[in-house]
Every structure is written in C-alpha cells, then in structure tokens.
Amino acid sequence: MPEKKIEVDEAKRKEREKRILEINFDTKMPEKREITRRTGHSYGGDVDNLVDNACAGCLAGCERVFSQSSFCQMGVATLIGFSIKDSVVIMHGPIGCGSQSHSMDFTIRLYGAQRGKQMANARWFSTNLSEAEVVHGGEKKLRETILMADKRFRPSAIFVLMTCAPSVIGDDIDSVLDELRSETTAPLVPLHCPGFKAKVFSSAYDVVYHGIQRAGFQFTPEPYVDFEPIDVNDPLYELKVKNYEYQKNHTVNLYNAVSIGAQDEAEMRRLLEALGLNVRFFVEFSHPDDWRTITEAALNVAMCHVHDLYFLEYLKKAFGMPYLLPTIPVGSSSTRKFVEEIAAFFGLQKEAKALLDKEELKLKEALAPIRERVKGKKVIIGGGYMRVGTAGLLADEIGMEVVGMRNFNYDTYGNELFQEIEDTLGNIPTAISNQSSELVNMVRKLNPDIAISHPGLGIWMNKLGVPSIALFSQRFTFFGYKGAYELARRIDRTLANRSYSRNLSRNIELPYTDEWFEKDYDHYIVDKTGDLIRPLAGFSVGGGCRRQAASV
Amino acid sequence: MSVSERPIERPRYSCMLGGVLATAGALPKTVPIVHGAQGCGGSLAQAAMLGGCYGTGYAGNAAVPSTNIGESEVIFGGETRLREELESVFDVMKGDLFIVTTACMTDIIGDDAKAVIDSLQPLPKPVIFLEAGGFKGNSYYGYGRLIEELFLQYIPRAKKKRADLVNLLGLVPAYDPFFRGDLEEISRLLQQLGLTVNTLVTAGQSHADLLAAGEASLNIVLSRLYGVDAAATIKESHGIDYTVTDLPVGAVATEAFLREIAEKLGIDKALVDRVIKREVTSYYNYVDRATDIIADTDFQNYAVVIANGTEAIPYAKYLDNEIGWIPTHVFVTDDLDEDQQQVIRSAFDAVPFETSPELVFETDTFKIQQYIEQNTPQFLADEYYPTISPAFVLGSTIERRLAEVLSGPFLPISFPVYNRIILTRGYAGFRGGLTLLEDLISAQLAPR
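Residues numbered from 1 in each chain as written. Chains lettered and ligands numbered in written order. Predicted model: local features only at pLDDT ≥ 70, side-chain atom pairs only at ≥ 80, totals over all residues.

1. A word on the overall build of chain A
From N to C terminus, chain A includes 23 helices and 16 strands. Its C-alpha atoms give chain A a radius of gyration of 24 Å, within 12% of the compact-globule value 24 Å for 552 residues. Seen through its principal axes, chain A has C-alpha atoms that stretch 70 × 65 × 50 Å. Counting only residues that meet the buried cut, chain A has 56% of its 552 residues in that class. Contacts in chain A between residues at least 24 apart in sequence constitute 76% of all its contacts with a sequence separation of at least 6. (Helix = DSSP H or I, 4+ residues; strand = E, 2+ residues; numbered from the N terminus. Rg over C-alpha atoms; globule rule 2.2 N^0.38 Å. Buried ≥ 20, exposed ≤ 12 C-beta atoms within 10 Å, placed from the backbone. Contact = placed C-beta atoms within 7 Å.)

Written out as structure tokens, the structure is:
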C-alpha cells in the first residue's frame, strides 16, 4: 500500500491518550461540543496531523468561508426523543423546524418491533410560531401545546425542543416547563438545541441527556413497585441478598442509538451472554419507567460513545456507576477490544479470549472467499468518526485499500482508534467534513471503487460513478462477528455490479465547476482559532488545522 | 399569508423556506443559496423527501450552499458571512440561476441580504433574492412567492405574447407529490390542442423555456389556492392573463378542463372535440378491461379523502363523479384563513356530488381521526348500525392508522408520502385517472 508509515514515539502516544472533556451538569443548557471537547467540524489533511490537532484542541477553531447545508443539532435531538417509548416531541418553533419528523414514524415502529417493543406512532407537535410570536414571544403557545399533548396522549415524557427563532427572541422554556410540571402527568424535558448554536450537531446528544438528567426521571428502583425488599427475618435472607448481589454484579448496561439495529444488539448480547453476563439495553426503545433499573447493574458501556458519554459521565457522578468507552464493535479487532474490555472489568479475560479466538477463526474462514474478490479494491468512508474508523479497520481486514476517510467531526475521543488506524493502515488522507463539494472533489482525486457513506451523501458518490453502501442502517447487521461478515458481504455484493452508479454518472451533470476540481478540497477551510475558542490550559493554541502533509 | 394561531400536531407541510427550496430544486440547473443556520437546508430537504422520496436532484440537500451562521453572526450580524459565501459560490457551483434566500434567523436579526447582493453586482450569473423566513408562512406560500420573484426578477417582460404558449402554475414540488406526472399529462393534452406548455418544474424544461415564460398568453393555475397570488402579480408585471381551475383528475374533469382552456384561448372547437373523443375512447377502452374485477369484487367503497387544498376536492370529485364511489368525508389539511376556506367551499359546492360528503378543515392529525371515530362510530353496542364500510382511505402515509381503524385499504396520495416513491406517476388527466383506478384496485388486491 502506498501510504507512508510514520513513526510515532512513546511520548507522543502518551500525549495523544489525553482526552478533553469539560462539562457542567448544573447549568440550564449544556455547552456545545466545540467547547466541551474541542470537537472540530472542518479540517483537511491526514490521520497523523488530525490526531495531533485534536490533542492541541485547535481543531474546533477551523471554519469554512464557503459552506453547504448539513444537519442541525435540533434535528438530531429529535432522534432520542422519538425513540423513547410512548413519548411526545414538541418542536417549539416555526412550522418548518422538525417537519422532517414524519419519517421517524416507521423508524420507531419497525425497529421497535424488531426489538419486541410495540411503539406508538411518532407523535409530535409544532408550536407553529408565526410572525406575531416572533415579535411577542411564543411562551403562551408553548404552554398550550404542552397541556394539549399531555391531555391527548398521556405520554411517558414530553421532550420540548428549543429551535433557533424562540432562542433568539428569548423565550424562557425552562420557566414554562417548571410552571407546568405540577399540571402535567408526563415529565417535561427541556432540550436547548437551537441549530445555530452548534456546528458540531452531535452536541444534540449532550443536549438530550442534559435535559433527561434535569427532568426529574428516577434512575433507582422503587421498592414494592420494581422489587420486593428482602425481609431481614426471612430465613433465606443471606442467600437472597447474595443472589441479588450476584445478579447485579454480573449485569452490564449497553447504550444504543437510532443508528444501531436490533440485530446489532442481538449480536452483542450473544457474545456477552456467552461470558455469563446479563445484558440490558438503554435508553432508546425503552420506557422511562424502565430507567429506574439502570442503576441495578455493575457497569455502563457505550456502544457508540459519540452518543452516550455525557449520560454515562452523569451516572458515574450521581450514582458512582463505572463506565467503559471501549469502541464501536465493527470489525474483528474492534469487536475484540469491545468484548475484552468488558470481560476485564468482570475478571473474565480467560473466558473472553477463548470465545473471541474461536469466533475470530470462524469469521476468518468465512471471510476468506470474500477477501479473494475484494482485496485491493479502494474504499472511501464518511460519517461519524467511530463508524468511519472501525469500518476502515474492517475494510483492511478483508484486504481492501482505504484511500480516504471523511469524519463529520472529530475530537480526542477518537484518538485511540485513529492511532490504531495510523499504525495499521498508515497515514491516510483524512478530512473532517460533511460537505458535498469537498466530498466530490476528494473522491475525484482518490478514485475509489466503492464508498461507505452516512445517509444523505451516498447520492454524491453514485453521481460520481462510485457505488455507495450505508455506514449504518437498522436494516442490516454491523456489530460483532456477524456484523463483520454481513458488512463484508454487502461490500462484495455491491462491487459485483456497479451498473447503477456507472449509468447515473454518465448521464447526469454535477453542479460543480471544473475550476473547483482543480482546487484542494479543503480550499475554503480557514483557521479562526484565535477568534472563536478560548485557549485550553496547557496547550498551545493554533498549530494549523489547514492540512500540512500534502496527502491528496 | 395568514398562519393560524394554533399549535399543530403532525403538520402536513413545512415552512416557507421548505417550499422555496423544494421548488428551486425542481427548476432547471438552479442553485439555491440559504443565508441561515446549517440545518435549514438539510432538514428541509429531508422534509421534502416525504413527498414520495423527492430526492436531492441537481443541487439540493447537502449541495445547497448555506452560510451556516453561528452564534457570532446572530450577535454581530451575518452580512459579512453572506458576502464571503457569495464571493466563493460561483467558483464552486455551476448553475444557470442562483436563488439567494434568507431564513428565520437572518430575518429576525435583520440582515440586509439584498444590499449585500447589490453591492457585489455585477455577479457572473443571474441571481434572484427573496426573504424566506420560515415563520412567514408555509411551503405552499413559499412556492407562490418564489414563482412571483422568478417572474419579477428573472423572466423578461415580453410585450408581444405568443398565442400558443401557456404556463402551468399551482402544483408545488414535493408538497404536491405527483406534481411531475400531473404536469406532464396536462402538458401532453394541451399540446394536442396545439399549445406549447411551460411547466417550469418538470424534467426537460430549460432556462430558455423559463425565459420565454413571459411571452405566454395564459397562466393556468391548477390550484384554487396556490400560485393564484403569483398569477395576479404576473398579470400586473408581465401582462399575462390567468385562469384558476381545479386539478382535473379522470375523464369527466379533464374533458371539462380542456373545453374551459380551449374556450379561453379561442381554440377551434372541432379540434377540441377530436382530441377529447380520441382520449375518451382510449380511456374507456382501459376502463372496460377493469370492469371484470370491479364487478366481481363489488368494488364500490365509502371513501375518506385527506389532502391539501389543491388536491382534496379533485380526488373526491373523481371518486364520486367518475368511478361512482361514496366519499363520506373530505378533509382539507392546510392552515386556511376564512377567505381561503370560502374559496374551497365554493369549489366544493360546485361539484355535482351524487352523495355530498362532509367537508372538514382540519390540520391536526389526531383530530382528523377523532372526527371520524366520534361522528361515525365503528363500534357500538347496538346490533345494527351503519358504519363506513367497506371503507377506503385516500390520504397521506400517516393515514395508515385511520385505515386500520376503518378496516379498509388505503392509498397514500398526499404529503407526507413516505412509503412509496413517486417519479413519473400522476393522477391528473386521462392517463392519471387510469393510473389512479389501477392503484385503487391494486390496493384492494395487494393482500392476495
């Protein structure tokens, strides 16, 4: 493979292990990830430089002077809200905010059913702010909407999403919610997620968990409701206590996401249950009543920590529950790491090794014929950085050449994974971008055979003649050994016939000028570190987020 | 644009900017530029996707240039950022027309986007501008405003009109999910009358067509509500007369539509008769074939129609006047003021229903179902009582639930439609009427 390997010395490796996290659970609204983790959303360069810049905290200062539409944290914040069983979501804003939410209806119904959960329809309201409310404030309408939602559906929770417009005009949703708490049966969850406030839209997950921890949900079981207290006079008292403690000490909570499917959960359950652990899944597709048993476990584990770190940090602080952020279990090496870390916590290393060795051997044999067909094929991967990195390792596992990576955002929580990528795949071209102009530019230069893309961008791959499969989808399995095999099969199947994208690319016109393709894809990314982000103690600010090694 | 004072549960449209972006995305080689937050363009593209998998198209969704204003722009103003974007956009994006729009945020903070554009003139490509803050109205309103500005700022005012040239207005891309098929069928029919037809928003339309639209002698507005204000403005600015009519669905409505337009334009009656005879003969040749299955399965249904102000009455009319069903309720799901409701009521009253359905104005999804459940209960303790059965629901995909309650099949025809993809399919005209018949019967045969 053409990538140049870079020697990373021990001191640098140590530096790269540091993680940036500054959160405050007590504030009304959480800070965006640009602040709390120095998460970057604009960058062009390579893995080595990316990781260094994340360490310095200066990725967050990079901006674009030409940009295109993308996602907002408000849209992303709806995802958890809808997938909480029997919830209602209220968009406090003009009629367009959240108007894409009808599609959540089948998402939660179908993927709930796959988990054996009968979900209600996606139920949501728009406060429908008009010009008058933009002048006079929309609090009255919000109050009316909350009361209507509560009366109409008796929901398990009401998530109130603050959009851009009421945020600027100064609606105080916390006061409205506080006032109404005694009048509604549903817990009211304030979500401060105006789109303009965060360019790193995964800030939405922090917003939702911030709202959840402030809404008064209970995370400990209720005696006589959730369990029968053991009577000290019971002759079997000690045995029952031991039994209870054994159960709890062998229970692990895994945290899911809308991007994670029922089959993924089933595969991770299979592997961990094989070690004798009791596995439960939170918070999506569960009812807030179920959350009372969250603390009845020995350990919390994020299946994708981009999603859940904030909540796990809260549970640790509030209840002393330990947590792990192993990785996202896509591909053999990441699955091994995921299971091994959990096994180590429970002292099951030996059992884990035996299980994983056996599973890996079986997978290796199964992948052999696929490997023969796909080896040397070039792939480009784009989306959330944990998915991108682990899918990259899987592509390498089946002999493909990863020619480029496009992370939607990036911070130090990716360094462990991307260090592994640098060690195994080399210093490959890497961007932080969800911009389609940058994508088409990069793809034209890297000329991949196939792409693995976040929803919404696969179209641009196809327009360029590159077939694209989804980076995540509830329809398919991605996690564990089954997921590795299935993802490899999908790559193999897609490469077997490229007619669709080839035909499309020959017959459509791209909305991009020829001159654009002559420029570097990161041409419009500039370093505004000084203006925007306050310096991080102990780090030098700057460092240049513009790509340094000419890698594309 | 009046917007109701009520909050809405599961609204069946998006905001003004949503309508502007969906419409801009249907114009040939057109690049919209949003001066707003980063999520506006992306989220509203996802909303438009609910119009039968509408798609990104030429430069939609993630390709839409957007200033992605952040906190500092909200505090200090976003004009500098817009200038920056406009200075680069022509180097990156290729297009024949660029449409700069504002969004809620930039309208609220009072950015003078027009001044920024003016200060950069001459720009290398035609650029039009409109304020499109989402709180100003809904997607239908956005469509109308964009069409208006397209004429005012881009389409030349032609003194000399072409007698044979007409423009079709009123169908809103994505939010009228069958707009392409419908416009193409109506074009096909009008072409047979010797007319040249600009649809502005279907495949095959070019900027030459757009620029020639000012030479048309008639704007045909296929909606009682949308595009009407634009047509009135265009009459003032371009001197093009306009006519407002219902979207014609099926043979009965389409024959009347063609005669109405022909009369308006003074087209030879013999030609009109010939065209209609040929179309009707062909139409009934197909209907004839469908009659076995219709007769043998007692195909007649009670029907509930749930659609926007453009589509609801034409569909109900087709069901009653054309295929002899009994529509019981017609729900108009748009947010309409008194005057607009009156327009719809008049159009409704003009339909010669065999059995008049009930016309209900309701935007709220829960209340639509509640209205039917409470007024025509499906379950009573009595032994004998009339129900809406056999029932058929024509509505949006959300109506799956109502169809379950009424134990009947359903056909998704109105926004949001997210369980089918709609490309060429249309229900207007003769061919559309047949397609609708196919789909209505197929929905009943699907469980076989």
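After presenting the structure, the write-up continues.
2. With respect to the overall build of chain B
Looking only at helices and strands, chain B features 17 helices and 13 strands. Principal-axis analysis of the C-alpha atoms places the extent of chain B at approximately 75 × 55 × 40 Å. Here chain B holds 448 residues, and 58% of them are scored as buried. Taking all contacts inside chain B whose residues are at least 6 apart in sequence as the whole, residues at least 24 apart take part in 75%.

3. Describing the interface of chain B and chain A
Taken residue by residue, the interface counts 60 residues in chain B and 52 residues in chain A. The greatest single-element share of the side of chain B that touches chain A, amounting to nine residues, is contributed by helix H2 (residues 38-49) of chain B. Looking at the side of chain B that touches chain A, its residues break down into 32 nonpolar, 18 polar and ten charged. Summarising the sheet, strand E4 (residues 124-126) of chain A and strand E1 (residues 8-9) of chain B pair through two bridges and their orientation is antiparallel. Bridging across to E1(B), A:Phe125 finds its partner in B:Glu9. (Nonpolar A, V, L, I, M, F, W, Y, C, P; charged D, E, K, R; others polar. Pairing = 2+ DSSP bridges.)

4. Brief notes about the pairing of strand E11 (residues 378-383) of chain A
Residue and element names in this part refer to chain A. With five of its six residues buried, E11 lies for the most part within the structure. In this structure, E11 lies alongside strand E12 (residues 401-407), joined through six bridges in parallel fashion. Bridging from a neighbouring strand, Gly-382 pairs with Arg-406 of E12. Pairing of E11 with strand E14 (residues 450-453) involves four bridges; the strand directions are parallel. Opposite Val-379, over in E14, you have Ile-450 as the bridge partner.

5. Some details on the sheet that holds strand E9 (residues 299-302) of chain A
All names here are of chain A. A sheet is described by the order of its strands in space; here four strands give the open sequence E8-E7-E9-E10, paired in parallel fashion. Because the sheet does not close on itself, it has two edges, and the strands there are strand E8 (278-282) and strand E10 (323-324). In terms of strand pairing, strand E7 (residues 251-255) meets E8 through five bridges, oriented parallel. Bridged to Asn-253 within E8 is Arg-280. Sheet strands in contact with helix H12 (residues 262-273) are E7 and E8, and its direction is about 155° off that of E8. Each of E7, E9 and E10 touches helix H13 (residues 305-319); the most contacted strand, E9, lies at about 160° to it. (Axes fitted to C-alpha atoms, helices over the stretch in contact; angles between N-to-C directions.)

6. Overview of the domain arrangement of chain A
All names here are of chain A. Per the domain assignment, the segments of chain A are domain 1 (73-192) and domain 2 (237-345). One C-alpha centre belongs to domain 1, the other to domain 2, and the line joining them spans 28 Å. Across the contact, 15 residues belong to domain 1 and ten residues belong to domain 2. Those elements that place two or more of their residues in the side of domain 1 that touches domain 2 are helix H4 (73-83) and helix H5 (104-113). Along the lines of polarity and charge, the residues of the side of domain 1 that touches domain 2 split into six nonpolar, five polar and four charged. (Domains from an automatic or database assignment.)

7. Considering the environment of A:Gly389
Residues and elements named next belong to chain A. Here Gly-389 is to be found in helix H16 (residues 385-397). A tally of 30 C-beta atoms within 10 Å means that Gly-389 is categorised as buried. Here the alpha-carbon distance between Gly-389 and Gln-419, two residues 30 residues apart in the chain, equals 9.9 Å.

8. What to know about the sheet that holds strand E6 (residues 196-198) of chain B
Two orientations exist for strands paired in a sheet by backbone hydrogen bonds: parallel and antiparallel. Residues and elements named next belong to chain B. If you walk across this open sheet you meet the four strands as E6-E5-E7-E8, and the pairing is parallel. Both outer strands of the open sheet, E6 and strand E8 (241-244), are each paired with one neighbouring strand and no more. Sheet twist, expressed as the average angle between the axes of neighbouring strands with direction ignored, equals 25°. Across five bridges, strand E5 (residues 162-169) lies against strand E7 (residues 216-221) in parallel orientation. Counterpart to Arg-162 in the pairing with E7 is Ala-216.

9. Details of the confidence of the model for chain B
Summarising the model, chain B shows a mean pLDDT of 96, and 99% of its residues fall at 70 or more. Scored as a complex, the prediction yields pTM 0.96 and ipTM 0.95. (pLDDT = per-residue confidence, 0-100.)

10. Observations regarding unusual backbone geometry
Cis geometry is found at the peptide bond from B:Gln121 to B:Pro122, where omega equals 0°. With respect to the helices, strands and loops of the structure, B:Pro122 is situated in the loop between helix H6 (113-120) and strand E4 (127-130). Residue B:Pro416 is reached from B:Phe415 by a cis peptide bond, and omega for that bond is 0°. Of note, A:Arg154 is a non-glycine position whose phi angle comes to about 45°, a positive value. Take A:Arg154: it is sitting in the loop between helix H7 (139-153) and strand E5 (157-162).

11. Here we look at the confidence of the model for chain A
Residues and elements named next belong to chain A. The predicted model of chain A has a mean per-residue pLDDT of 93, with 95% of residues at 70 or higher. This stretch, residues 531-544, has a pLDDT under 50; its non-local contacts, to residues over four places away or in other chains, come to 20 contacts. Per-residue pLDDT stays below 50 along residues 547-552; that stretch engages in 18 contacts with residues further than four places along the chain or on separate chains.

12. A few points about the nonpolar core
Grouped together as the largest cluster of nonpolar side chains are 306 residues, with contacts concentrated most on A:Ile90, A:Ile158, A:Val160, A:Leu161 and B:Val305. Setting aside its immediate chain neighbours within four residues, A:Leu161 contacts A:Met74, A:Ala77, A:Thr78, A:Val89, A:Ile90, A:Met91, A:His92, A:Gly98, A:Leu191 and A:Cys193. (Core = buried A, V, L, I, M, F, W, Y, C linked by C-beta atoms within 7 Å.)

13. Here we look at the packing of helix H11 (residues 250-265) of chain B against helix H12 (residues 269-296) of chain B
Residue and element names in this part refer to chain B. Relative orientation of the contacting elements H11 and H12 amounts to 170°, with a least axis distance of 11 Å. When the axes of H11 and H12 are compared, the pair comes out roughly antiparallel. Crossing hand, H11 versus H12: right-handed. Residues Ala-251, Glu-255, Leu-258, Arg-259 and Ala-262 of H11 touch H12, and the partners they reach there are Val-272, Val-275, Ile-276, Val-280 and Tyr-283. (Parallel < 35°, antiparallel > 145°, perpendicular 65-115°, else oblique. Left-handed = near helix turned anticlockwise from the far one by under 90°.)

14. Looking at helix H7 (residues 139-153) of chain B
All names here are of chain B. Its 15 residues give H7 an end-to-end C-alpha distance of 21 Å, which sits within 8% of 21 Å, the value for a rise of 1.5 Å per residue. Counted residue by residue, H7 has twelve buried out of 15 residues, so it is predominantly covered. All of the buried residues in H7 are Ser-139, Tyr-140, Tyr-141, Gly-142, Tyr-143, Gly-144, Arg-145, Leu-146, Ile-147, Glu-149, Leu-150 and Phe-151. (Expected span 1.5 Å × (residues − 1).)

15. Some words on the domain arrangement of chain B
Much of the literature gives interface size as the accessible area that the parts lose upon coming together. All names here are of chain B. Assigned domains within chain B: domain 1 (16-153), domain 2 (162-265) and domain 3 (298-417). Each of domain 1 and domain 2 has a C-alpha centre, and these two points are 25 Å apart. Taken together, the contacts link 22 residues of domain 1 with 20 residues of domain 2. Of all the secondary-structure elements, those providing two or more residues to the side of domain 1 that touches domain 2 are helix H1 (16-24) and H7. Top element by residues in the side of domain 1 that touches domain 2 is H7. It accounts for eight residues. For the side of domain 1 that touches domain 2, a count of residues per class yields twelve nonpolar, seven polar and three charged.

16. A look at the packing of helix H10 (residues 203-214) of chain A against H13(A)
To describe two helices that pack against each other, one gives the angle between their axes and the distance between the axes. Residues and elements named next belong to chain A. Their axes nearest at 7 Å, the elements H10 and H13 cross at an angle of 30°. By the angle class used here, H10 and H13 are roughly parallel. Judged by the sense of rotation from one axis to the other, the crossing of H10 with H13 is right-handed. Contacts between H10 and H13 involve Tyr-205, Asp-206, Tyr-209, His-210 and Gln-213 from the first element and His-307, Tyr-310, Phe-311 and Tyr-314 from the second. Tallied by class, residues from the contact of H10 with H13 come to five nonpolar, three polar and one charged.

17. Some words on the pairing of strand E2 (residues 30-35) of chain B
Residues and elements named next belong to chain B. Among the six residues in E2, six count as buried, and that is most of the element. Along E2, one buried face is formed by Thr-30, Pro-32 and Val-34 and the opposite face, lined by Val-31, Ile-33 and His-35, is buried too. Pairing geometry for E2 and strand E3 (residues 97-102), over six bridges, is parallel. Paired with Thr-30 across the strands is Leu-97, a residue of E3.

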